[in-house]
Amino acid sequence: MMKLKRSIRIALAVVFLLITAISAKIIFDLNLLPMKLFVRICEGLFIVNFIAAFCLLINKRGFVKVFSFILYFILNIASVATMYYGITTNNFLKNAFGNAEEEYKAAYVILSKNDYTEEDLKGKDIAYLDTLPEKEKVFEELAKKDIKTFLEYTEVEVAIAQDVVLLDNATYVYLKENQAEINVSELKVIFEFNVAIKLSNDAIGEEELDEGVKGEYQALTPGEYYNIFLGGYDFTNTFMDFNMLVSINKTNNEILLTTIPRDFYITDARVGRKDKLSDMGARGIETNMASVAKLFGVKIDYYIKVNTKSLVALVDAVGGITYCSDSEYTTSHAMILDTYNDSLGEKLHVKKGCQGLNGIQTLTVARERLAFKSGDNQRQKNNAKIMTAILNKMKSPAMATRFPSVLSAVSGFYTTTIPADLVTSSVQELIENPNWVIKTQSVTGSGGQDYIFFGKTKDYVMYPNYGTVNAAKRKIQGMKYKRLSAL
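Residues numbered from 1 in each chain as written. Predicted model: local features only at pLDDT ≥ 70, side-chain atom pairs only at ≥ 80, totals over all residues. Heavy atoms only, no water.

With that settled, the discussion passes to the sheet that holds strand S4 (residues 164–168). The mixed open sheet is built from 5 strands, whose spatial order is S3-S2-S4-S1-S5. Every interior strand has two partners, whereas the edge strands, strand S3 (150–153) and strand S5 (188–198), have only one. Strand after strand, the sheet turns through a mean of 30° between neighbouring axes, direction not considered. The pairing of strand S2 (residues 126–129) with S3 spans 4 bridges and is parallel. From the neighbouring strand, Ile 126 faces S3, where its bridge partner is Phe 150. Relative to S5, helix H4 (residues 135–143) is tilted by about 120°, and along the sheet it contacts strand S1 (103–112), S2, S3, S4 and S5. (Pairing = 2+ DSSP bridges. Helix = DSSP H or I, 4+ residues; strand = E, 2+ residues; numbered from the N terminus. Axes fitted to C-alpha atoms, helices over the stretch in contact; angles between N-to-C directions. Contact = heavy atoms within 4.5 Å.)

Turning our eyes to something else, we now look at the pairing of S2. With burial as the criterion, each face of S2 is covered, one bearing Ile 126 and Tyr 128 and the other bearing Ala 127 and Leu 129. For the segment spanning S2, H4 and S3, crossover handedness is right-handed. Bridge analysis of S2 against S4 gives 2 bridges, and the strand direction is parallel. Looking across to S4, one finds that Tyr 128 is bridged to Leu 166. (Buried < 20%, exposed > 50% of the residue type's maximum accessible area, 1.4 Å probe, protein only. Right-handed = clockwise from strand over helix to strand, strands pointing away.)

Another point: helix H2 (residues 35–57). Helix length check: H2 (23 residues) gives 32 Å between terminal C-alpha atoms against 33 Å at 1.5 Å per residue, within 8%. Looking at H2, one finds that the buried residues are Phe 38, Cys 42, Asn 49, Ala 52, Ala 53, Cys 55 and Leu 56. (Expected span 1.5 Å × (residues − 1).)

Turning our attention to unusual backbone geometry. Despite not being glycine, Asp 146 has its phi angle at roughly 65°, a positive value. Within the element layout of this structure, Asp 146 appears in the loop between H4 and S3.

With that out of the way, let us pick up the packing of H2 against helix H3 (residues 63–96). At a minimum axis separation of 8 Å, H2 and H3 run at an interaxial angle of 145°. Relative to H3, the crossing made by H2 is left-handed. Only Val 64, Lys 65, Phe 67, Ser 68, Phe 69, Leu 71, Tyr 72 and Leu 75 of H3 make contact with H2, whose side of the interface consists of Leu 45, Val 48, Asn 49, Ile 51, Ala 52, Ala 53, Cys 55 and Leu 56. (Left-handed = near helix turned anticlockwise from the far one by under 90°.)

Among all positions of H4, only Lys 135, Val 138, Phe 139 and Leu 142 are buried. Projected down its long axis, H4 carries its buried residues within an arc of 95°, all on one side. With respect to the buried face of H4, the exposed residues turned more than 90 degrees away are Glu 136 and Glu 140. Considering only its buried residues, H4 is in contact with S1, S2, S3, S4 and S5. (Arc of directions from axis to C-beta.)

Core analysis: the biggest nonpolar cluster contains 45 residues, and Phe 97, Ile 321 and Val 365 have the highest contact counts within it. With 5 residues, helix H10 (residues 308–317) is the largest single contributor of residues to this core. Excluding residues that lie within four positions of it along the chain, Phe 97 makes contacts with Phe 92, Tyr 414, Thr 416, Ile 418, Pro 419, Ala 420 and Val 423. In terms of nonpolar packing, the next biggest core, distinct from the first, is built from 29 residues, Tyr 225, Leu 245, Leu 295 and Phe 296 among them. (Core = buried A, V, L, I, M, F, W, Y, C linked by side-chain atoms within 4.5 Å.)

This part is about the state of the cysteines. Within the structure shown, the criterion is met by 1 disulfide. Here Cys 324 connects covalently by a disulfide to Cys 354, the sulfurs 1.9 Å from one another. Measuring the twist about the S-S bond at about 100°, one finds the Cys 324-Cys 354 disulfide to be right-handed. Of this pair, Cys 324 sits in strand S13 (residues 321–325) while Cys 354 sits in strand S16 (residues 353–357); the two residues are 30 residues apart in sequence, bridging distant segments of the chain. The class of Cys 354 is partly exposed, set by a relative accessible area of 48%. (Disulfide = S-S within 2.5 Å.)

Remember, this is a structural readout, not a statement about activity or role.
Take a look at the structure:
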């Protein structure tokens, strides 16, 4: 009987050792911990296993046996938690990075005042604007349906006055919602279709470094520096309301957040004509990336594309953020999602000073510009504060208990070209040196009216203040370098 009991104790010791080994293997496969820390954790786990096994196997009763069971209980809890966190994280890493679309669907509509069918379009002249995005691919797509006759116009008013007109969906949505003098409400949608545009996962933009920056800094080696474009689409998932460049210097442990107003009136790098950043988003995130890259003379290595729900879900998952306002104000927008109808919700009163915000409150603050004299300039500053608050919250040790819920909350609300191995290596570096410095800056401008959608209609734009642009450009470019004085 004593032999059987001893056999059971040996079996239990072996089982617990195997559970610990499996937990260690899960941690190793995640590749999130620096190797030195991983080795120390494994050493600690196996030492505790050895002590627990020794206490279990020796022929002693009382405190020794109780002590062994306490140790095994702690090991069991730790192992189960490790497996849960590990499997959750591993599944997230597999699906949540490098998950960007290989193509995006550009949407188009064919309209007419008459009750035509799709079949009727085969014999019609189809009017279109000379700035129709991806026009050759559009014509190829329509040719499959035997719609082949197209007439080009340079004025939107003339084009929509024709019997049948072809518009990209972004232009149509904009005209329908914002341009009372150009009436498209009488036009009926005859046919809607999409065109697949292949996206590139390569770095976008070219470095145009100032000689002053080159002289003052020493270049880092590849992989020690990279730029990420963060683009946030609006409720319609058509226009890009949020544009931020995140520059990361791994040598200096610095992150620089540069916010750019959504109405910034700059050159569309893909076509060489000016437009608003928000409207460029309708032509795919690469348009915004290329234009921002050209503005600052840098390469953009990766992007993260999010929507309004992403921000709400992330802030709620981390348990809210602390936002500090420079002034007291009530938002012009209501605390709502997926609609611009502010009558459907309550406004948010923000006090001067620091306060806690949940997800929908954070989104409402991020959207606000009309409450400030400086308008969009202040909104960019607020967005930078929000991003900094989220990053600081995620650096907190308390986030360990919220880790699975954070992963679950943000999963599916974004796409990115950032590979999983870059994320894991970054986490290792953050663990080794948690004292990263987060800096923020915003480029500003002044409001006015100008032509958007390649000169087809007028609307509010923000003319860049190139003093702030050049100052921001110098800081962004400087992130790739290490000051000679610091060597």
